[in-house]
Amino acid sequence: MSSSQPADETCKSQHITYSNIYGFSAKYVPFNADPSSTESYSLDEIIYTSASGGLLDVQHDMEALKKFDGQYWKNLFDSRTGKTTWPYGSGVWSKKEWVLPEIDSEHIVSAFEGNSNLSWAERFGKTVLGMNDLWVKQCGISHTGSFKDLGMTVLVSQVNRLRKLGKQPVVGVGCASTGDTSAALSAYCAAAGIPAIVFLPANKISMAQLVQPIANGAKVLSLDTDFDGCMQLIREVTAELPIYLANSLNSLRIEGQKTAAIEILQQFNWQVPDWVIVPGGNLGNIYAFYKGFHMCKELGLVDRLPRLVCAQAANANPLYLHYKSGWDSEYTPVRAKTTFASAIQIGDPVSIDRAVFALKNCDGIVEEATEEELMDAMSQADLTGMFVCPQTGVALSALTKLRNKGVIAPTDRTVVVSTAHGLKFAQAKIDYHSKTIPDMASRFANPPIEVKAEFAAVMDVLQNEVLSD
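Every value quoted in this text rests on a predicted model; they were computed, and no experiment measured them.

What counts as what
- Residues numbered from 1 in each chain as written.
- Predicted model: local features only at pLDDT ≥ 70, side-chain atom pairs only at ≥ 80, totals over all residues.
- Heavy atoms only, no water.
- Helix = DSSP H or I, 4+ residues; strand = E, 2+ residues; numbered from the N terminus.
- Rg over C-alpha atoms; globule rule 2.2 N^0.38 Å.
- Buried < 20%, exposed > 50% of the residue type's maximum accessible area, 1.4 Å probe, protein only.
- Contact = heavy atoms within 4.5 Å.
- Areas by Shrake-Rupley, 256 points an atom, 1.4 Å probe, with all protein chains shown as cover.
- Lys, Arg positive; Asp, Glu negative; His and termini not counted.
- Charge placed at Lys NZ, Arg CZ, Asp CG, Glu CD.
- UniProt positions renumbered as here; feature names shortened; annotations may be inferred.
- 1 Å grid on protein atoms, 1.4 Å probe; cavity = no way out; pocket = protein on both sides within 12 Å on 5 of 7 lines; lining within 4 Å.
- Points joined across faces, edges and corners; volume = space filled by probe spheres on them.
- Nonpolar A, V, L, I, M, F, W, Y, C, P; charged D, E, K, R; others polar.
- Domains from an automatic or database assignment.
- Disulfide = S-S within 2.5 Å.
- Axes fitted to C-alpha atoms, helices over the stretch in contact; angles between N-to-C directions.
- Parallel < 35°, antiparallel > 145°, perpendicular 65-115°, else oblique.
- pLDDT = per-residue confidence, 0-100.
- Buried area = accessible area lost by both parts, 1.4 Å probe.
- Salt bridge = Lys/Arg side-chain N within 4 Å of Asp/Glu carboxyl O.

Participant: Which residues make up the overall build of the protein chain, and what values do they have?
Facilitator: Within the protein chain one finds 19 helices and 12 strands. A compact globule built from 469 residues would reach a C-alpha radius of gyration of about 23 Å, and the protein chain, at 23 Å, matches this within 12%. Taken along its principal axes, the extent of the C-alpha atoms in the protein chain is 75 × 50 × 50 Å. Sorting the 469 residues of the protein chain into buried and exposed places 57% on the buried side. Long-range pairs, those at least 24 residues apart, make up 70% of the contacts in the protein chain between residues at least 6 apart in sequence. Looking at the protein chain as shown, the accessible area adds up to about 19300 Å², and 50% of this sits on carbon and sulfur atoms. Put simply, the protein chain has 40 plus and 50 minus side-chain charges, and the middle of one group is 3 Å from the middle of the other.

Participant: Give a detailed account of the UniProt feature "modified residue: N6-(pyridoxal phosphate)lysine" (unreviewed entry) in the protein chain, specifying residues and quantitative values.
Facilitator: Residues annotated in UniProt with the feature "modified residue: N6-(pyridoxal phosphate)lysine" (unreviewed entry) correspond here to Lys148. Following the sequence through the fold, Lys148 ends up in helix α7 (residues 148–164). We classify Lys148 as buried; its relative accessible area is 11%. The contacts of Lys148, once residues within four sequence positions are left out, are Asp180, Thr181, Ala184 and Arg253.

Participant: Quick one: what's the story with empty space enclosed by the protein, residue by residue and with numbers?
Facilitator: Under the counting rule described, the total for this entry stands at 3 cavities of 30 Å³ or more. If you go around the largest cavity, you meet 25 residues; those closest to its centre are Phe147, Lys148, Asn282, Leu283 and Ala343. Within the residue set of the lining of the largest cavity, elements represented by two or more residues are α8 (180–192), α11 (252–257) and α13 (284–298). Per-element tally for the lining of the largest cavity: the top contributor is α13, with 3 residues. Taken together, the residues that form the lining of the largest cavity break down as 9 nonpolar, 13 polar and 3 charged. Here the lining of the largest cavity spans two domains, since at least three of its residues come from each of domain 1 (15–146 + 250–430) and domain 2 (171–241). Every residue lining the second largest cavity is listed: Thr178, Pro201, Lys204, Ile205, Asp226, Phe227, Ser342 and Gln345. Per-class residue counts for the lining of the second largest cavity are 3 nonpolar, 3 polar and 2 charged.

Participant: Quick one: what's the story with the layout of surface pockets, residue by residue and with numbers?
Facilitator: Approximately 590 Å³ is the volume attributed to the largest pocket. Together, 24 residues line the largest pocket, and Val29, Asp57, Val58, Gln59 and Tyr287 are the ones closest to its centre. Counting residues per element, the lining of the largest pocket draws most heavily on α13, which supplies 6 residues. For the lining of the largest pocket, a count of residues per class yields 11 nonpolar, 7 polar and 6 charged.

Participant: So what's going on with the state of the cysteines? Residues and values would help.
Facilitator: Here a disulfide denotes a covalent bond joining the sulfur atom of one cysteine to the sulfur atom of another. Throughout the structure, instances matching the rule amount to 0 disulfides. Unpaired in terms of disulfides, Cys175 finds its nearest cysteine sulfur in Cys189, a separation of 8.7 Å. The closest cysteine sulfur to the non-disulfide-bonded Cys310 is located on Cys362, 10 Å from its own sulfur. When its relative accessible area of 0% is taken as the criterion, Cys310 is described as buried.

Participant: Mind laying out the packing of helix α16 (residues 371–382) against helix α17 (residues 390–404), listing which residues take part and the relevant values?
Facilitator: The contact between α16 and α17 brings their axes to 7 Å, and the two run at 95°. When the axis of α16 is compared with that of α17, the two are roughly perpendicular. Residue-level inspection shows Glu373, Leu374, Ala377, Met378 and Ala381 of α16 in contact with α17, the latter providing Pro390, Gly393, Val394, Leu396, Ser397 and Lys401. Split into classes, the residues belonging to the contact of α16 with α17 amount to 7 nonpolar, 2 polar and 2 charged.

Participant: Go over the confidence of the model for the protein chain with me, naming the residues and quoting the values.
Facilitator: On average, residues of the protein chain score 93 in pLDDT, and 96% of them reach the 70 mark or higher. Under a pLDDT of 50 for its full length, residues 1–6 has, in the predicted model, 12 contacts with residues more than four places off or in other chains. Below pLDDT 50 for its whole length, residues 9–16 participates in 6 contacts with residues either more than four positions away or in separate chains.

Participant: Any details on the domain arrangement of the protein chain? Residues and values, ideally.
Facilitator: As assigned here, the protein chain comprises domain 1 (15–146 + 250–430) and domain 2 (171–241). Each of domain 1 and domain 2 has a C-alpha centre, and these two points are 22 Å apart. Contacts between the two partners involve 21 residues from domain 1, matched on the other side by 18 residues from domain 2. Across the domain 1 to domain 2 interface the summed buried area is about 1600 Å²; carbon plus sulfur atoms make up 51%. Counting the surface domain 1 buries against domain 2, the share from its top three residues, Val109, Thr144 and Lys424, is 33%. Counting across the interface, domain 1 meets domain 2 through 2 salt bridges. Its salt-bridge partner being Arg335, residue Asp226 comes within 3.3 Å of it at the nearest N-O pair. Here the side of domain 1 that touches domain 2 is composed, by residue class, of 8 nonpolar, 8 polar and 5 charged.

Below you can see the structure in the form of structure tokens.
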């Protein structure tokens, strides 16, 4: 079935939603369940795991969505991009039928997130890697400075719906965080007037990340543990109190994050890139990208999937170790060590099963980066005009290794996903360029040059540092 008129325009003057007309719906089901399983739950239920304790997934009524052909969905999504019509100006909610089809627009909490830049990394690609088709998806250019906004708009909107309709006694929303999740949760909860509760590992996140939930009015608990310890505590608390869990154990966030994959295809005029490289910590994001690409293929918008690469810091690399074993050995969590890529400093990721499923189904790869490698890659990228976070440095380092091995070819269209804004990690950049990081050469450091305020002294420096080049 196809139509030239966008569906939201069809229903604009009616007090019924497009989803009501065509039966679009979604529900929770056990992740990767046997096809014969009948276990499912309404999205209005507060539930985070299946009956067996496993992960849940949001399953859409694909048969209802397939009533419209791929070209229809392309036209619909393209017609909404860059507009201000509520809520479709959001990069997430422009795909509302594929995200949370049954929510009323009045319950949506959005900052028009998404629609982030897909930048051609021409100089870095050509001069550093010998590539002419390297792109960076700038998910960190967002409301709170990270890709977490994409998932949080969905989760907080659903909580807002539950509270407004009186469906569940939710008094607040809580999360454990390495920084970016708490910033996104706090901002969206503040916009909706919903209390936010944040558990943070003490002295393990940047001040730029810490100040965001504080500024947005969240109740911030700084705990003497790591992220995994915070995660355990928030799960125990939300099991006892009417506080909604916002971590990626909650599968609603995947629905927002998957729209970044759809956006990449849209920005390439619905052409599929060869590779997409994603930093991995709690590992919900790698599955989200797979899910977005897979939905586009299943619904006829594209005819193939890109290969995915999950890039981990060597100091927090449980997925990499599992991958290097050939997926054969039993998965074993690790004790994450301190890494400059603090947003992915997670040793026991909640979404490990999701990540393994995604990578197996797209012939994916896992690569790692040491502290020196990730900081060098970040700084080298900055010297070509970018300003990326350390997590993006991990992804760029992984790309460099795969190029050097010949796995990624010079002509392969490759997208590196930048997950956070570099300004959140300014101190790491300052330390690198100041050459104050122990046991790190900081090969691409560019410290300021102290010069006497005299014409001759300034001319000497310019002659040596600029004109001699």
